[in-house]
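In case you want the letters, here they are:
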Amino acid sequence: MATAADHYESLLAEHYTWMLGGDIEEAAAAQADLFRELGLTAPVQEGAAAVDLGCGPGPQTLALASLGFASVTAVDTSARLLEELTEFARNSGHAQAVCTVHEDLRGALPRLASPDSLAVVACMGDTLPHLPSSQDVQELVTDVAKALHPGGSFVATYRDLTRELHGPERFIPVRSTGDRILTCFLDYQGEDTVLVHDLVHTRHPDGWKLKTSSYPKLRLSPQWLTDQCRAAGLDVRRHAAGPRGLYVLHAVKQ
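Residues numbered from 1 in each chain as written. Predicted model: local features only at pLDDT ≥ 70, side-chain atom pairs only at ≥ 80, totals over all residues. Heavy atoms only, no water.

S.K.: Account for unusual backbone geometry, with residues named and values stated.
M.R.: The phi angle at Asp116 is positive, at roughly 60°, despite the residue not being glycine. Inspection of the secondary structure puts Asp116 in the loop between α6 (108-112) and β4 (118-123). Judged by relative accessible area, Asp116 falls into the partly exposed class, the value being 43%. Although it is not a glycine, Asp126 sits at a positive phi angle of roughly 70°. Of note, Asp126 is situated in the loop between β4 and α7 (134-147). (Helix = DSSP H or I, 4+ residues; strand = E, 2+ residues; numbered from the N terminus. Buried < 20%, exposed > 50% of the residue type's maximum accessible area, 1.4 Å probe, protein only.)

Right, dumping it as structure tokens:
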């Protein structure tokens, strides 16, 4: 069975920007609106720093840079998506603020940021359930709390998969255009994991071609994540369903 990183490398990375609608500037503007709604703008002092874990092609990274953060470190396991982000940052005038890091998210924060140094840590786009185990999520939340300065914010978006779907409702149409169709199928493996099957049809001169891949995804409950944040010393200010069916978690270091 492929890991989430393998799955993106072999299948989803080349389609990810298309999955987001094909316009990163529009996606970044939507993320900037969300950050403003949560009260996240760069502090008055110079050098406000943020880290975007699981950045993908960078809608959150670019949003944070546009809001005035002087340094935004973007971390992802996909070299392809980081290359796209680098190009988007250059084209949007944010190249100086954005630094890309190609590595595993687990344990990345202690290597990238000293304690009490960050204004924001973002982990969005359903990244948390991609981690191998709930213990990894717990450790990441602990690392976030250590890296944030007092008053700093942790923002995460993720899909709540705790309610098991049945029958045809397990088939989820993600996006379709004239040349591509992405469909997702969920196969529940137990209380903690769902096996995600992605099916990508692409149109070619000789007809449609299908490519598939599968990977395990964690079933994280909102209450469990709230408990992890509180245990790490983070005050949960918002935790509710938001755009595109994703939960929005905003927690602040006390």
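Next comes the rest of the description.
S.K.: Help me get a handle on the pattern of salt bridges, residues and values and all.
M.R.: Opposite charge on two side chains permits them to pair, given that their charged atoms come into close proximity. In the structure shown here, the tally under the stated rule is nine salt bridges. With a closest N to O distance of 2.3 Å, Arg111 and Glu103 form a salt bridge. Taking the relative accessible area as the measure of exposure, Arg111 reaches 54% and is therefore exposed. By relative accessible area, which is 21% here, Glu103 ends up partly exposed. Taken together, the shared-partner salt bridges connect Asp104, Arg106 and Asp136 into one network. (Salt bridge = Lys/Arg side-chain N within 4 Å of Asp/Glu carboxyl O.)

S.K.: Tell me what's going on with the sheet that holds β4, and back it up with residues and numbers.
M.R.: Pairing is mixed in the open sheet, where seven strands are placed in the order β3-β2-β1-β4-β5-β11-β10. Whereas interior strands pair on both sides, the edge strands pair on one side only; in this sheet they are β3 (98-102) and β10 (234-241). Taking each pair of neighbouring strands and ignoring which way they run, the sheet shows an average axis angle of 15°. One ladder, built from three bridges, connects strand β1 (residues 49-53) with β4; its direction is parallel. When the sheet's bridge partners are listed, Asp52 is paired in β4 with Ala122. (Pairing = 2+ DSSP bridges. Axes fitted to C-alpha atoms, helices over the stretch in contact; angles between N-to-C directions.)

S.K.: Give me the nonpolar core: which residues, what numbers.
M.R.: Core analysis: the biggest nonpolar cluster contains 32 residues, and Leu53, Leu118 and Phe154 have the highest contact counts within it. With six residues, α7 is the largest single contributor of residues to this core. Those residues in contact with Leu118, other than ones at most four positions away along the chain, are Ala49, Ala50, Val51, Leu109, Ala113, Ala147, Leu148, His149 and Gly152. Counting residues in hydrophobic clusters, the runner-up holds 29 residues, among them Ala28, Ala48, Ala74 and Val155. (Core = buried A, V, L, I, M, F, W, Y, C linked by side-chain atoms within 4.5 Å. Contact = heavy atoms within 4.5 Å.)

S.K.: Account for helix α1 (residues 4-12), naming residues and giving values.
M.R.: Of all the positions in α1, only Ala4, His7, Tyr8, Leu11 and Leu12 are classed as buried. On an axial view of α1, the arc spanned by its buried residues comes to 100°, and they lie on one face. For α1, the secondary structure elements touched by its buried residues are α2 (16-19), α5 (79-91), β7 (180-188), β8 (193-204) and β9 (207-218). (Arc of directions from axis to C-beta.)

S.K.: Quick rundown of the packing of aromatic side chains? Include the residues and the values.
M.R.: Within this structure, the stated rule accounts for three aromatic pairs. Arranged with centres 4.6 Å apart and planes meeting at 40°, the rings of Phe171 and Phe185 form a pair that is tilted. You can see Phe171 sitting in strand β6 (residues 171-176) and its partner Phe185 sitting in strand β7, a full 14 residues away along the chain. On the basis of relative accessibility, which here comes to 17%, the residue Phe185 falls in the buried class. (Phe/Tyr/Trp six-rings, centres within 6.5 Å; stacked < 30°, edge-to-face > 60°.)

S.K.: Please set out the pairing of strand β11 (residues 247-253) residue by residue, giving values where relevant.
M.R.: In regular strands, side chains alternate between the two faces of the sheet. Counting buried positions along β11 yields six of seven residues, so the element is predominantly enclosed. Pairing geometry for β10 and β11, over seven bridges, is antiparallel. Residue pairing across strands places Val236 opposite Ala251, the latter belonging to β11. Between the antiparallel neighbours β10 and β11 lie five residues, among them Arg244 with a positive phi of about 60°.

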